[in-house]
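The chain contents come next:
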Amino acid sequence: MPVYEYVCIECKERTEVRATFAEKEKGLKVVCPKCGSKKMAQVFGTFMTIRSSNGGSNLSGCGPLSGPGCCG
Ligand SMILES: [Zn+2]
C-alpha cells in the first residue's frame, strides 16, 4: 500500500497517510494530527513514481499546492 505525504496548510505539520489508489481516487480525508485542520496538501517529491493521467510536463518538483516556501 502506497504512502502519501501531506502537509498542513495551517501549521505546516507533515503527516503520512496510507491508502490504496482506489481510496486516493475517491478522495482522502486527511486531517492534521497537530491542529486538526482539513486543509492538507499532498507533498510530492519523496516519491519518484509519477502516475499522472494528464501528462503534465511541468513537474519541477514544486506542485501547485505546495504553497510559499517550497523548493527551498
Ligand atoms: Zn495543522
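Note that the coordinates shown come from a computational prediction; the quantities given were computed from them, not determined experimentally.

(A) Region of the structure containing the coordination of the zinc ion. Here the zinc ion is held by Cys-8 (SG), Cys-11 (SG), Cys-32 (SG) and Cys-35 (SG), and the distances to it run 2.3 Å. Relative to the metal, the four donor atoms surrounding the zinc ion lie at angles of 106 to 118°, and the coordination shape comes out tetrahedral. Counting the intervening residues between successive donors of the zinc ion yields the motif C-x2-C-x20-C-x2-C. Here Cys-11 is found in the loop between strand E1 (3-8) and strand E2 (14-18), whereas its partner Cys-32 is found in the loop between helix H1 (21-26) and strand E3 (40-43), with 21 residues between them in sequence.

(B) The environment of Cys-32, seen in detail. A residue is classified by how much of its surface remains accessible, and Cys-32, at 3% relative accessible area, is buried. Sequence-wise, Cys-32 and Glu-13 are 19 residues apart; in three dimensions their C-alpha atoms are separated by 7.0 Å. Leave out the neighbours within four places in its chain, and Cys-32 touches Cys-8, Cys-11, Glu-13, Ser-37 and Met-40.

(C) Focus on the sheet that holds E1. Strand order across the open sheet formed by three strands is E2-E1-E3, with antiparallel pairing between neighbours. Both edges of this open sheet fall to E2 and E3, since each of them pairs with a single strand only. Across the sheet, the axes of successive neighbouring strands diverge by a mean angle of 40°, strand direction being ignored. Where E1 meets E2, five bridges bridge the pair, whose relative direction is antiparallel. Paired with Val-7 across the two strands is Arg-14, which belongs to E2.

About the thresholds
Residues numbered from 1 in each chain as written. Predicted model: local features only at pLDDT ≥ 70, side-chain atom pairs only at ≥ 80, totals over all residues. Heavy atoms only, no water. Donors = N, O, S within 2.8 Å, 3.2 Å for Na, K, Ca; no water. Tetrahedral: all angles 85-135°; square planar, octahedral: opposite > 155°, others 65-115°. Helix = DSSP H or I, 4+ residues; strand = E, 2+ residues; numbered from the N terminus. Buried < 20%, exposed > 50% of the residue type's maximum accessible area, 1.4 Å probe, protein only. Contact = heavy atoms within 4.5 Å. Pairing = 2+ DSSP bridges. Axes fitted to C-alpha atoms, helices over the stretch in contact; angles between N-to-C directions.

By themselves these figures say nothing about function.
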